[in-house]
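Coordinates in review
One-letter residues, chain by chain:
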Amino acid sequence: MRRTDNGTKPSPARVGHPPEHGLLPEVSQYEGLIDHGIAIADSRRDGIVDHVTARRLAICFAARPQEPDFARSLVRFVETGAISPDLKTQLRIRGRSPDRPDQPQAARLLEYCRARGKDVGWVGRNFGAACDQIDRADLMLAQMHERALQGRSDPAPSPEADSPQIIALAQANPDSRTVSLILDEATANTALFAIAANADEREARIREVQRYGETLPEGSYGQRNRQAIATRETRIASRLRAVERAYRTAIERDTTLEPLEHMKTGRSPEHADYREIELE
């Protein structure tokens, strides 16, 4: 990846691989998405931001001039979700400097890195590309919400104005307790990216909880609580993978569609709540 002379890195639209499905948000637009992600994190017990919000924080850091080692570690995290020692060291320095304007953001990102523990490797395949799509989708939703608050229904012109019409229809059958969805191809691909990302993070969470549970005393409340969490997350992940498999089966019948392999990603669900549950 190209580096600038002073150790800074390119703007977010150029972090990692070029976007394949439209332009990425400007840095200023990430700030609103970050605020929303932090608010969700603060509403949970642990206060730790999810993968996507952490990546957005890193993008904002990367858009400003940084030391070469810090810049490289930011780029690596933005592209893969991997946490390097340089990244944690630089965040620790900034997080302990109250006179720095980015101190709150550095402290928040450092908390996320610490919460990852020993799991500092890649979050998942195509982590950056999947998060880019989520960023565009979240920004679109935020803009629609803003227009609704202002009483405007006409969207502002966008680079994707020529894109195919969005089709998203749903029908519920109370008798069979089923829901049928009809989506256009692009919307279905985006939805399956999010579903696969959700499943990836839940499966990672299951492994993390199981590993920690094995270190607790046999039969203890803590171990039983972790087992209950793992059981719940396994049920949810199984449902998500069932949707992914059904979609894969459907598109593989048509050889003109791309395989779903690229859709397996490690993005965390935007607002997944992994708070521990109380056993009755």
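See above for the structure.
This text gives an overview of the structure that appears in the document. All values derive from a computational prediction rather than experimental measurement. (Residues numbered from 1 in each chain as written. Predicted model: local features only at pLDDT ≥ 70, side-chain atom pairs only at ≥ 80, totals over all residues. Heavy atoms only, no water.)

Focus on the overall build of the chain
Put simply, the rule is: Only DSSP runs of H or I covering at least 4 residues are called helices, and only runs of E covering at least 2 are called strands; the numbering of each starts at the N terminus. Burial classes: relative accessible area under 20% of the type maximum marks a residue as buried, over 50% as exposed, and values in between as partly exposed (1.4 Å probe, protein chains only). Residue contacts are counted whenever heavy atoms from the two residues lie within 4.5 Å of one another. Only the protein chains shown count as covering a residue, and every accessible area follows the Shrake-Rupley method with a 1.4 Å probe.
What the chain contains, in helices and strands, is 8 helices and 2 strands. Mapped from its N terminus to its C terminus, the chain presents α and β elements in the order α-α-α-α-α-α-β-β-α-α. A total of 280 residues make up the chain; the buried ones form 40% of that total. In the chain, the proportion of contacts linking residues at least 24 apart, taken out of those at least 6 apart, comes to 67%. For the chain, the accessible area works out to roughly 16500 Å², and carbon and sulfur atoms hold 53% of it.

Things to note about the packing of aromatic side chains
Heads up, the condition is: Any two of the Phe, Tyr and Trp rings considered here, Trp counted by its six-membered ring, make a pair once their centres fall within 6.5 Å; the pair's planes then place it as stacked at under 30 degrees, edge-to-face at over 60, or tilted in between. Charge-over-ring contacts are defined here by two conditions on Lys NZ or Arg CZ: a distance within 6 Å of the ring centre and an angle within 35 degrees of the ring normal.
Using the criterion set out here, one finds 2 aromatic pairs in the structure. Here the aromatic rings of F61 and F70 are separated by 6.1 Å at their centres, their planes lie at 65°, and the arrangement is edge-to-face. Overall, the relative accessible area of 1% leaves F61 in the buried class. Owing to a relative accessible area of 0%, F70 belongs among the buried residues under this scheme. Judged by centre distance (5.8 Å) and plane angle (75°), the ring pair of F77 and Y112 falls under edge-to-face. You can see F77 sitting in helix α3 (residues 68–80) and its partner Y112 sitting in helix α5 (residues 103–115), a full 35 residues away along the chain. Overall, the relative accessible area of 3% leaves Y112 in the buried class. Lying over the aromatic face of F61, R64 brings its terminal NZ or CZ to 5.2 Å of the ring centre.

Looking at the nonpolar core
Basically, it comes down to this: By nonpolar core we mean a set of buried residues, namely Ala, Val, Leu, Ile, Met, Phe, Trp, Tyr and Cys, connected to one another through side-chain atoms within 4.5 Å.
If you look at the biggest cluster of nonpolar residues, it comprises 25 residues, and the most contacted ones within it are F61, L74, F77, L87, L91, L109 and Y112. At the level of elements, α1 (27–42), α2 (51–62), α3, α4 (85–95) and α5 are the ones that each hand at least two residues to this core. For this core, the leading source of residues is α2, giving 7 residues. Among all residues touching Y112, those that are not within four sequence positions of it are I48, V49, D50, H51, A54, F77 and I83. Grouped together as the second largest cluster of nonpolar side chains are 5 residues, I206, V209, I229 and A230 included.

Description of α4
Let me state the cut-off plainly: Starting at the helix axis, one direction is taken to each C-beta atom, and the arc is that of these directions.
Among the residues making up α4, those that are buried are L87, Q90, L91, R94 and G95. Buried positions in α4, seen along its axis, are confined to an arc of 130° and lie on one side of it. Buried positions along α4 lie against α2, α3 and α5.

It is worth stressing that arrangement in space is one thing and function is another; only the former is reported here.
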